[in-house]
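Letter by letter, the chains look like this.
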Amino acid sequence: MKIETKFEIGENVVLIDYNKIITLPVKGVEYMNRTIRYYFYSSKAATNLDKDTIIYRDEEECFKSIKELAEYYESKQNR
């Protein structure tokens, strides 16, 4: 079975994390229960001793640009 994804590993993606718009590169892709999920590493550390946080997002929560993210949420408000 061939699964088509919106983003490739290493491609930068715009998403919302803790009410902030951030851009991170895709580290991996999962397909579970007919849902495509991406995961990302987010590091808020100043040193290498602190661990990265893994962020998971469904494909519908990931965008190519801030403009695309804004258009998506604007269309949800107008429903």
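Look up a bit, the structure's there.
Now for a quick tour of the structure. (Residues numbered from 1 in each chain as written. Predicted model: local features only at pLDDT ≥ 70, side-chain atom pairs only at ≥ 80, totals over all residues. Heavy atoms only, no water.)

**Concerning the pattern of salt bridges**
- Within the structure shown, the criterion is met by 4 salt bridges.
- Among the salt bridges present, the one from Glu 4 reaches Lys 2, with a minimum N-O distance of 4.0 Å.
- The exposure class of Lys 2 is exposed, given its relative accessible area of 72%. (Salt bridge = Lys/Arg side-chain N within 4 Å of Asp/Glu carboxyl O. Buried < 20%, exposed > 50% of the residue type's maximum accessible area, 1.4 Å probe, protein only.)

**Focus on unusual backbone geometry**
- Its identity is not glycine, yet Asn 19 carries a phi of approximately 65°, on the positive side.
- Examined against the element boundaries, Asn 19 turns out to sit in the loop between β1 (12–17) and β2 (20–25).
- Among the residues examined, Asn 19 registers a relative accessible area of 79% and is labelled exposed.
- Here the phi dihedral of Asn 33 falls at roughly 50°; this positive angle occurs in a residue that is not glycine.
- Tracing the backbone shows Asn 33 in the loop between β3 (28–32) and β4 (35–42). (Helix = DSSP H or I, 4+ residues; strand = E, 2+ residues; numbered from the N terminus.)

**Concerning the sheet that holds β3**
- Taken in spatial order, the 3 strands make up an open sheet running β3-β4-β5, and their pairing is antiparallel. A strand with exactly one partner marks an edge of an open sheet, and here the two such strands are β3 and β5 (53–58). Direction aside, the axes of adjacent strands within the sheet are offset by 30° on average.
- For β3 and β4, the ladder comprises 5 bridges, and the chain directions are antiparallel. Residue pairing for β4: Gly 28 is matched across the bridge by Tyr 39. (Pairing = 2+ DSSP bridges. Axes fitted to C-alpha atoms, helices over the stretch in contact; angles between N-to-C directions.)

**Observations concerning the nonpolar core**
- Counting 10 residues, the largest nonpolar core consists of Phe 7, Val 13, Leu 15, Leu 24, Val 26, Ile 36, Tyr 38, Phe 40, Ile 55 and Cys 62.
- No other element matches the 3 residues that β4 contributes to this core.
- The contact partners of Cys 62, leaving out residues within four places of it in the chain, are Lys 6, Phe 7, Val 13, Val 14, Tyr 38, Phe 40, Arg 57 and Glu 68. (Core = buried A, V, L, I, M, F, W, Y, C linked by side-chain atoms within 4.5 Å. Contact = heavy atoms within 4.5 Å.)

It is worth stressing that arrangement in space is one thing and function is another; only the former is reported here.
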